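Architecture at a glance
Below, each chain spelled out in residue letters.
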Amino acid sequence: MPEVNRSVPPPVGGWTRFVTARPRLALLAALVITALTVFAGSGVADRMGSGGWQAPDAESTYATEVLAREFPASQPNLLLLVDSGSAGVDDPAVAAEAARLTERLKAEPGISGVGSYWETASPALRSEDGKEAIIAARIGGDEKTAGETLDRLAPAFAGERGPVTVSLGGPVAVQHEMQTIIQEDLLRAELIALPVTLVLLVMVFGSAVAAMLPLAVGIVAILGTNAVLRGLTEFTDVSVFAMNLTTALGLGLAIDYALFIVRRFREELAAGADTRTAVGTTLRTAGRTVLFSALTVAVSLSAMLVFPQYFLRSFAYAGIAVVLLAAAAALILLPAALVLLGPRINALDLRRVLRRRKKAAAGADAAGAAAGGAGASPIAGADASPGRGWAWLGALVMRRAPVFAIVTTVGLLLLGLPFLGVKFGTADDRQLPASAESRVVQEHIRDGFPGSPGGGLEVLAEGQGSPADHAALKGRIEQLPGVLRVDGPVVDGPVAYYSVLPKGEAVGGQAQQLVRDLRALPSASSLDTSVTGTAAVLVDSKDAIADRLPWALAIIVVVTLLLVFLLTGSVLIPLQAVVLNALSLTAMFGAVVWVFQDGNLSGLLAFTSTGDIETTLPVLMFCVAFGLSMDYGVFLISRIKEEYDRTGDHEHSVTFGLRHTGGLITAAAVILAVVMVAIGTSRVTNTKMLGLGIALAVLMDAMVVRSLLVPAVMKLMGRSTWWAPAPLRAFHRRFGLSEGEAAPAVTPAAPPDREPTVEAEGISGARRDIGEPARR
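To start, this report covers the structure provided alongside it. Because the structure is predicted, anything quoted here is derived from the model rather than measured.

**Observations regarding the sheet that holds strand S7 (residues 457-462)**
- Across the sheet, which stays open at both edges, the four strands sit in the order S8-S9-S7-S10 with antiparallel pairing between neighbours. Two strands in the sheet have a free side with no partner beyond their single neighbour: strand S8 (483-492) and strand S10 (528-533). Going from strand to strand, the sheet's axes swing by 20° on average, the running direction of each strand aside.
- Bridge count for S8 against strand S9 (residues 495-502) is seven bridges, and the pairing is antiparallel. Across the sheet, residue Val490 finds its bridge partner in S9, namely Tyr497.
- Contacts from helix H18 (residues 509-520) reach S7, S8, S9 and S10, with the element oriented near 10° to S7.

Rendered as structure tokens:
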């Protein structure tokens with residue numbers, strides 16, 4: 001059969017014409033839009049909330065809202081800790097100053113339900129040593145309004161006030177300080193991540209010009225997402241924690257996509273294509289893979305929309321926006337820049353001096369420079385056949401496929417074993433650094449005041465109940481095994497509430513069982529009861545996640561199976577992708593429990609272990625890490641599929657795919673891990689857990705699963721890897737996608753057992769020569 005005529009360049013498609021027809025105009029428009037997003041997204045963090053762990057339709061949420069409206073004093077969210085020094089809280093001068101502060105607080109706008117130890121003489125509001133006492137109040141309004149009120153009150157009440165020293169605590173103060181610290185930490189993370197990322201990109205590309213392009217795409221995606229989130233705050237609650245994901249994914253995915261596109265563009269230039277033809281081929285191949293990858297990541301993140309907690313939904317908003325914007329910038333703005341740059345994409349080779357010291361590489365570098373610099377090796381000291389290490393690794397893994405498959409799988413499962421002992425809890429002040437004022441106040445209250453303040457439950461009773469009905473209900477509550485004390489009822493017309501102090505820890509297993517027992521109590525026919533409190537919120541949050549989790553997993557699995565089938569035309573590869581992606585997350589989940597729940601390395605990482613994991617975090621980390629794993633999986637599978645379509649040689653295609661994407665995936669994973677570790681330097685424990693956990697998952701996926709487990713499994717599956725029943729094969733031929741062009745029914749230009757000539761790209765990556773199927 002005849003050889004394919006590779007001298008005729010492929011036609012420039014409509015999409016290529018659209019994005020490259022007026023590149024200067026496109027970039028100017030992008031600059032203007034980016035400037036507008038800076039304005040539109042300004043102040044977004046100030047409009048975000050720091051809560052969102054409660055299910056809005058839960059019983060505890062309803063009871064909390066009713067109690068806050070009808071009995072503000074029962075739901076204080078602002079605590080003034082009054083320290084009397086050595087005088088004692090009952091000293092006349094101390095009592096007079098405390099009374100003055102209480103009256104001033106009652107007169108402040110937005111404050112309700114003010115009470116204090118000096119008014120009520122409640123032992124729960126006085127420390128056991130008699131040196132501290134509490135003034136409790138409730139700040140009304142949403143989180144933003146409450147934060148503004150707190151900012152106004154702090155200068156007037158905090159600090160030394162005559163014979164006492166006042167510190168501010170309570171849920172409002174904790175959330176407000178957490179929000180402030182997250183904003184400060186995010187700025188520091190960006191200042192760390194950006195320069196380190198730029199250095200790594202220069203190492204990958206060897207060109208300062210090429211290295212700047214991924215950063216530019218990432219910045220556009222981040223600024224655009226901030227504007228989107230700012231708009232969403234007008235209609236719904238958005239968590240301030242989502243900004244961390246915006247920065248991490250904005251930089252990480254933009255760099256992934258730009259790496260893939262710029263690498264392919266440089267390949268085409270090295271193969272002799274002119275600039276516009278190279279851009280067209282890049283968009284038809286790598287561009288389609290980038291679009292496909294963005295869809296898989298967006299689907300994984302969109303699964304969080306099924307959960308009622310706005311904490312999780314916020315990450316879906318931010319994640320979907322930043323993924324789509326990163327892909328759009330990579331597929332629209334980046335090609336326009338490539339058209340303008342052309343061969344100058346390789347300009348400002350900052351490592352030329354280092355390469356000159358390598359005499360063995362000097363001749364290859366000089367030849368590459370004579371050809372326009374497109375072949376310049378970006379890794380100092382690159383040998384004459386870069387990528388050979390990845391090819392050798394692939395061959396080794398497939399020769400010992402059963403050993404690598406078993407050992408790697410068992411190792412990953414062992415790393416995940418600690419997760420079997422996970423305990424779920426709620427976020428509290430211990431998320432903050434030890435020096436945070438609101439945390440100091442809460443620790444004083446937790447350690448020095450009787451009766452576990454803040455850990456009680458409230459039973460709301462609604463209806464026209466008689467005194468006998470209320471007494472009977474109180475008696476039934478007191479008979480429950482987990483009850484330490486019952487106060488109340490406090491009655492106001494048809495509404496009443498009881499304060500129930502549980503035995504043991506405030507959110508421990510006994511307290512959670514007490515919530516269920518209280519809800520199962522038979523009450524008088526005239527009274528409808530509902531339960532709230534810290535343990536009740538935790539129970540409702542766990543139940544809400546358990547109810548919606550099957551739907552979220554179904555969305556991820558079904559859509560992933562469909563998308564990977566459209567990419568490969570195989571029935572088995574999508575199943576393999578789902579299983580191996582999930583397996584790659586075991587180390588992350590095991591580490592989360594071993595480190596953050598059990599407290600190992602807490603001194604080194606500077607956090608306080610609470611003995612549990614916040615309920616929503618594993619769901620969040622799973623969705624994000626699974627999506628990123630699919631990102632790398634699509635890059636590898638698409639290249640294997642392209643070569644298999646060209647040669648029909650299964651084992652050669654696996655080795656080829658690993659050789660030509662191993663360096664790229666490793667470089668992308670290292671860069672994304674750097675960004676996530678920068679996020680993980682946060683002083684807020686949940687953010688630290690999110691950043692470090694996902695960094696570990698990304699590295700394990702790229703360096704273990706993609707490098708060892710995938711080649712081993714594909715070797716064991718053999719050519720059956722590509723099997724699909726006839727109806728599905730016909731469906732794929734009509735609707736399927738792939739990175740490469742449709743494989744021609746001709747004899748390949750190079751036999752399967754011969755590797756094409758390559759040039760270095762990425763970390764031990766490779767370029768292919770003109771003998772590869774870039775042009776059909």
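**With respect to the packing of aromatic side chains**
- With the rule as written, the count across this model stands at ten aromatic pairs.
- Relative to Phe315, the ring of Phe311 lies with its centre 5.1 Å away and its plane at 65°, an arrangement referred to as edge-to-face. With Phe311 and Phe315 both in helix H11 (residues 310-341) and four residues apart, the pair spans about one turn of that helix. The pair formed by Phe311 and Phe315 is uniform in burial state, with each residue classed as buried.
- Their ring planes at 25° and their centres at 6.3 Å tell us that Phe565 and Phe731 sit as a pair that is stacked. Placement of Phe565 in helix H19 (residues 534-568) and of Phe731 in helix H26 (residues 726-735) is noted, with a sequence separation of 166 residues between them.
- For Phe565, a relative accessible area of 7% corresponds to the buried category.

**Section: the pattern of salt bridges**
- In this structure the tally under the stated criterion is 28 salt bridges.
- Residues Lys641 and Asp645 are paired through a salt bridge, measuring 3.2 Å at the closest nitrogen-oxygen approach. With a gap of four residues between them, Lys641 and Asp645 both fall in helix H23 (residues 617-647), about one helical turn apart.
- Accessibility expressed as a relative area gives 29% for Asp645, which makes it partly exposed.
- The closest approach of N and O atoms between Asp701 and Arg706, which form a salt bridge, is 3.0 Å.
- Within the structure, one salt-bridge network assembled from shared partners comprises Arg263, Arg264, Glu267, Glu268, Arg639 and Glu642.

**Some words on the nonpolar core**
- Formed by 164 residues in total, the largest nonpolar core has its most connected members in Phe241, Tyr257, Val323, Leu338, Ile345 and Leu620.
- Among the elements that take part in this core, H11 stands out by supplying 19 residues, more than any other.
- Setting aside residues up to four positions removed in sequence, Leu620 forms contacts with Met304, Phe311, Leu312, Phe315 and Leu690.

**Considering the sheet that holds strand S3 (residues 132-139)**
- If you trace the five strands from one edge of the open sheet to the other, you get S2-S3-S1-S5-S4, paired in antiparallel fashion. Only two strands of the sheet have a single neighbouring strand rather than two, namely strand S2 (111-116) and strand S4 (159-161). Averaged over all adjacent pairs, the angle separating strand axes in this sheet is 25°, with direction ignored.
- Pairing of strand S1 (residues 78-83) with S3 involves six bridges; the strand directions are antiparallel. Bridge pairing in S3 places Leu81 opposite Ile134.

About the thresholds
- Residues numbered from 1 in each chain as written.
- Predicted model: local features only at pLDDT ≥ 70, side-chain atom pairs only at ≥ 80, totals over all residues.
- Heavy atoms only, no water.
- Pairing = 2+ DSSP bridges.
- Helix = DSSP H or I, 4+ residues; strand = E, 2+ residues; numbered from the N terminus.
- Axes fitted to C-alpha atoms, helices over the stretch in contact; angles between N-to-C directions.
- Contact = heavy atoms within 4.5 Å.
- Phe/Tyr/Trp six-rings, centres within 6.5 Å; stacked < 30°, edge-to-face > 60°.
- Buried < 20%, exposed > 50% of the residue type's maximum accessible area, 1.4 Å probe, protein only.
- Salt bridge = Lys/Arg side-chain N within 4 Å of Asp/Glu carboxyl O.
- Core = buried A, V, L, I, M, F, W, Y, C linked by side-chain atoms within 4.5 Å.

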